[in-house]
Amino acid sequence: MPTLVHYDVTDRVALLTVDNPPVNALTPALWNAIDEAVARGVADEAVDGMVLIGAGSTFIAGADIKIFDTLRSREQCLERSAANHALLARLENATKPLVAAIHGNALGGGLEVAMACHFRIAVVSAHVGQPEVLLGIIPGAGGTQRLPRLSGAAVALEMCTGGKPVSAPDALRAGILDQVVDDDLRAGAIALVNTRAATGQIRRTRDIAITPTEAAAGLAACEKTRAALGTASRGSRAPFAVVDAIEAALTLPFDAGSARERELSADCILSTESKALRHLFFAEREVSKIPDIPKDTPVAEIRRAAVVGAGTMGAGIAMTYANAGIPVLLKEVDEAALERGMATIRRNYESSVAKGRMTPDALARTIARITPTTSYDGFDSVDVVVEAVFENMDLKKATFAELAGVTRAECLLASNSSTLDIDELATASGRPAQVIGHHYFSPANVMKLLEIVRARATSKEAVATSLTLAKRLGKVGVVVGNCFGFVANRMLAYYMREAYLLLEEGGTVPQIDRALVEFGFPVGPFGMQDIAGIDVGTRIRQYLASLGKTRAEGPQSEVPDELFALGRYGQKTGAGWYKYDAPGGRARTPDPLIDEIATRAAARRGVTRGPIEDADIVARITTALANEGARVLEEGYALRPGDIDVIYVYGFGFPRWRGGPMFYADTVGLPVILARVREYRERFGDYWRPAPLLERLVAEGRGFYGQAQRSA
Ligand code: T1G
């Protein structure tokens, strides 16, 4: 068993170095090792005080999140947190000064351990925080009781309901830290211990009194926070639970408040919301692990980039590179098109300045990194090119052939195609090893997802380079296989198919959108399509039809094509599935014309219209996603179900607290999902064939994530 806490004495100060790589996460063994080390320091006559410090890049980044899945009952949760509370009380009751010395991050249980120490010192670059709500839980080791005593209720509420870490200087100002040093944390901590030991000063955070005035102000802040959460945190309970716990700190003695915290924490740990968010925490970290691409695969350095096509996507991609500090050429066929692209970019940045998210200086610096051009001059010195021209195979192939002639052999050639065959583009380039899909989501400078499409001949280096580049661009890169629509749009086609058919069967645009929004999506299918543009989808469908293909099996609703024919492309034309106050406007109203068009389309398909329940809308759409997701998995176009979940959470706003379409299907129960697919097949047709993987997992009594599933 490696030593989890090293014990060394310097200048009569015991240095307790926590050593549990990579982030010193608190496992039960580490909790105990800290407990034992502090007890040893207290008993050590050669020691006047102790410093608790982290080995490696960080202090303690919190409890080991994997532990929570081992807690199966409320009793187990309460027992675990009671043990932690008692342990922290022992730290706090140490009879010699105990200083927490923080570098990197002190998060969750890490900050709670630090707050149970008598004093806290940090390097200026450190961060401290209580991010537990991002995992659907609350601070469960006294954080909701000690933090308000140090920082006041308002700061504690903000830190614990938002989950964002604060910088060391801000934490010092808030009273969480006692000292911040530029460097040499160890020396600063030892000096602090000796100073306190010389005066025999011990300060237990639990003893810090909250005055009646502070309590009254704090309770008012709790009410204000609850009201604000009412609209902001749809579906997630944890932020409300953390307000309840902080309220207990303001109204109850420390131990009673701690007991209240333990109760609230136990409920959160066992909640489906938290299981979903914990699942996503690890799924997001798993996506960058590609089984056949070792960690040490060489990665190309990206110093300069180029984007071909300055339309909505091309402009957003150029901004993404510029925002990451990478100079980028932006090429268009002519000055007029180039000017339109640059105008889009300028408008976006100016709106960021107007919203105070960017300074005019930063705008000037960032936009200067984008060089508009109508030629390939300079392409011979870039490390990556992203092709973002019109979604037409012939045009893209011609572009890739040209690019191979104007770029260096080792330059990465990426396509932003959202549906087309990357193998064909690779062939057209003559350099297939360097060709890969980089599928951005609209608006490209905002959406965090980057679907990295690995074609047949794409080299491992190209994939590894793309994953590293995604992180640098602030994106979550997910590697998928090269099938039609890849993973994101392939599954989306089934999501939209059901939305269109539900409309024909009697649902309405606002009803279907509302059902998905109440389920947790930020916007429904029709609102989303009005933002992205009905024309984009229709042109792809028409292109496919010319190849004798369809986006999704089953009946193709004619309603979207009728809107296209009417020039109703969505927000940009002032009308789509909704009517808008003006072209480009956001204020929308339902349009009865849509119901007329849907009624006629239904009649042509021989469909009898009738009332549709919101629950049926959600069931049809989430079941279609799960069934097609199962096909994507069994065909090997996605490596793991978690990759699909990350794609849908980051690409389409699938509610995080439901874990993504595959995790959600497991919470519903695959036997239920399969039963629905079979029912729909009976009712609607053979296109609702269950995915073999779905049938197999149900037969084996397992879920997409391997855990046992009860039968329907
Ligand atoms: N538990 C288990 N594993 C963890 C972990 C944790 N808390 N934090 C990180 N890891 C793993 C991660 O999966 C990855 O593994 C590796 O460490 C590096 O992480 C009692 C209830 C600290 C800012 O929420 O935010 O305390 O993929 O890739 O980008 O009240 O990790 O290499 O196998 O993210 O440098 C609260 C979670 C817990 C912080 C570093 N704490 N961690 O970011 O590296 S709940 C958190 C982070 C709690 C108490 C409550 C980040 C980081 P692998 P990484 P990074």
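Above: the structure in question.
Computed from a prediction, not measured in an experiment: that's the story for all the values here.

A. Region of interest: the overall build of the protein chain. Check the secondary structure of the protein chain and you find 28 helices and 19 strands. Over its C-alpha atoms the protein chain spans a radius of gyration of 28 Å, differing by no more than 12% from the 27 Å that the globule rule assigns to 712 residues. When its C-alpha atoms are laid out on the principal axes, the protein chain stretches across 85 × 60 × 50 Å. Taking as baseline every contact in the protein chain between residues at least 6 positions apart, the subset at least 24 positions apart corresponds to 73%. Accessible surface, the protein chain: about 28500 Å² in total, of which carbon and sulfur atoms supply 55%. Charge-centre separation for the protein chain: the mean point of 79 positive side chains lies 1 Å from the mean point of 84 negative side chains.

B. Structural view of the pairing of strand β10 (residues 305–308). Every second residue of β10 is oriented toward a common face, with A305 and V307 on one face and A306 and V308 on the other, all of them buried. Relative to strand β11 (residues 328–331), β10 is paired through four bridges, and the arrangement is parallel. Each residue of the ladder has a partner; that of V308, found in β11, is K331. Running through helix α12 (residues 312–323), the crossover from β10 to the neighbouring parallel element β11 is right-handed. Alignment of β10 against strand β13 (residues 384–387), held across four bridges, turns out to be parallel.

C. Geometry of the packing of helix α4 (residues 143–151) against helix α10 (residues 254–269). Interhelical geometry of α4 versus α10 gives an angle of 130 degrees and a closest axis separation of 8 Å. The orientation of α4 relative to α10 falls into the category oblique. Of the residues in α10, those touching α4 at G143, T144, Q145, R146 and R149 are F254, G257, S258 and E261. Grouping the constituent residues of the contact of α4 with α10 by class yields one nonpolar, five polar and three charged.

D. Representation of the pattern of salt bridges in the model. If you walk through the whole model with that rule in mind, you get 50 salt bridges. Among the salt bridges present, the one from D170 reaches R173, with a minimum N-O distance of 2.4 Å. With D170 and R173 both in helix α6 (residues 168–173) and three residues apart, this pair spans about one turn of that helix. Owing to a relative accessible area of 39%, D170 belongs among the partly exposed residues under this scheme.

E. Quick look at the nonpolar core. V385, Y495, L503, F526, W577, L694 and F704 are the most contacted members of the largest nonpolar core, which has 97 residues in total. The greatest single-element share of this core, amounting to twelve residues, is contributed by helix α18 (residues 488–505). Non-local contacts of L503, meaning those with residues more than four positions away in its chain, are made with T508, V509, I512, F526, V559, W577, I594, A598 and R609. L15, L26, V51 and I138 belong to the second-largest nonpolar core, a separate cluster that totals 86 residues.

F. View of the sheet that holds strand β16 (residues 449–454). With mixed pairing, eight strands are arranged side by side in an open sheet as β12-β11-β10-β13-β14-β15-β16-β17. Each edge of the sheet is formed by a strand with only one pairing partner; in this case those strands are β12 (370–373) and β17 (476–481). Within the sheet, the average angular offset between the axes of one strand and its neighbour, ignoring direction, is 25 degrees. Two elements, strand β14 (residues 412–415) and strand β15 (residues 435–440), share three bridges in a ladder whose sense is parallel. Within β15, the residue paired with A414 across the bridge is I436. In this fold α12 packs onto β10, β11, β12, β13 and β15, with an angle of close to 170 degrees to the strand it touches most, β11.

G. Fine view of the packing of helix α11 (residues 272–286) against helix α25 (residues 641–652). Look at α11 against α25: their axes get within 9 Å of each other, and the N-to-C directions meet at 100 degrees. Put simply, α11 runs roughly perpendicular to α25. Facing H279, L280, A283 and E284 of α11, the residues of α25 in contact are G642, D645, V646, V649 and Y650. For the contact of α11 with α25, the class distribution of residues is five nonpolar, two polar and two charged.

H. Summary view of the sheet that holds strand β6 (residues 119–123). The strand order across the open sheet formed by six strands is β1-β2-β3-β4-β6-β9, and the pairing between neighbours is mixed. Across the chains shown, the open sheet's two edge strands, defined by having one partner strand only, are β1 (5–10) and β9 (179–181). Shown here is a sheet whose adjacent strand axes are inclined to one another by a mean of 20 degrees, direction ignored. Bridge analysis of strand β2 (residues 13–18) against strand β3 (residues 49–54) gives six bridges, and the strand direction is parallel.

I. The pairing of β15, seen in detail. The buried fraction of β15 is high, at six of six residues. Going residue by residue along β15, you find V435, G437 and H439 tucked away on one face and I436, H438 and Y440 tucked away on the opposite face as well. You can see the chain leave β14, run along helix α16 (residues 422–429) and come back into β15, and the turn it takes is right-handed. In the sheet, β15 pairs with β16 via four bridges, with the strands oriented antiparallel. Within β16, the residue paired with H439 across the bridge is E451.

J. Main features of the site of the ligand. Of all residues adjacent to the ligand, which total 26 residues, the nearest are G109, E112, G140, R285 and K289. A distance of 2.8 Å separates an oxygen atom of the ligand from a polar atom in the backbone of A63. The separation between an oxygen atom of the ligand and a polar main-chain atom of G109 is 2.8 Å. Alone, the ligand offers 990 Å² of accessible surface; in the complex the protein occludes 71% of this.

Cut-offs used in this document
Residues numbered from 1 in each chain as written. Predicted model: local features only at pLDDT ≥ 70, side-chain atom pairs only at ≥ 80, totals over all residues. Heavy atoms only, no water. Helix = DSSP H or I, 4+ residues; strand = E, 2+ residues; numbered from the N terminus. Rg over C-alpha atoms; globule rule 2.2 N^0.38 Å. Contact = heavy atoms within 4.5 Å. Areas by Shrake-Rupley, 256 points an atom, 1.4 Å probe, with all protein chains shown as cover. Lys, Arg positive; Asp, Glu negative; His and termini not counted. Charge placed at Lys NZ, Arg CZ, Asp CG, Glu CD. Buried < 20%, exposed > 50% of the residue type's maximum accessible area, 1.4 Å probe, protein only. Pairing = 2+ DSSP bridges. Right-handed = clockwise from strand over helix to strand, strands pointing away. Axes fitted to C-alpha atoms, helices over the stretch in contact; angles between N-to-C directions. Parallel < 35°, antiparallel > 145°, perpendicular 65-115°, else oblique. Nonpolar A, V, L, I, M, F, W, Y, C, P; charged D, E, K, R; others polar. Salt bridge = Lys/Arg side-chain N within 4 Å of Asp/Glu carboxyl O. Core = buried A, V, L, I, M, F, W, Y, C linked by side-chain atoms within 4.5 Å. Near = heavy atom within 4 Å. Polar contact = N/O pair within 3.5 Å; in protein donor to acceptor, adjacent residues only side chain to side chain.

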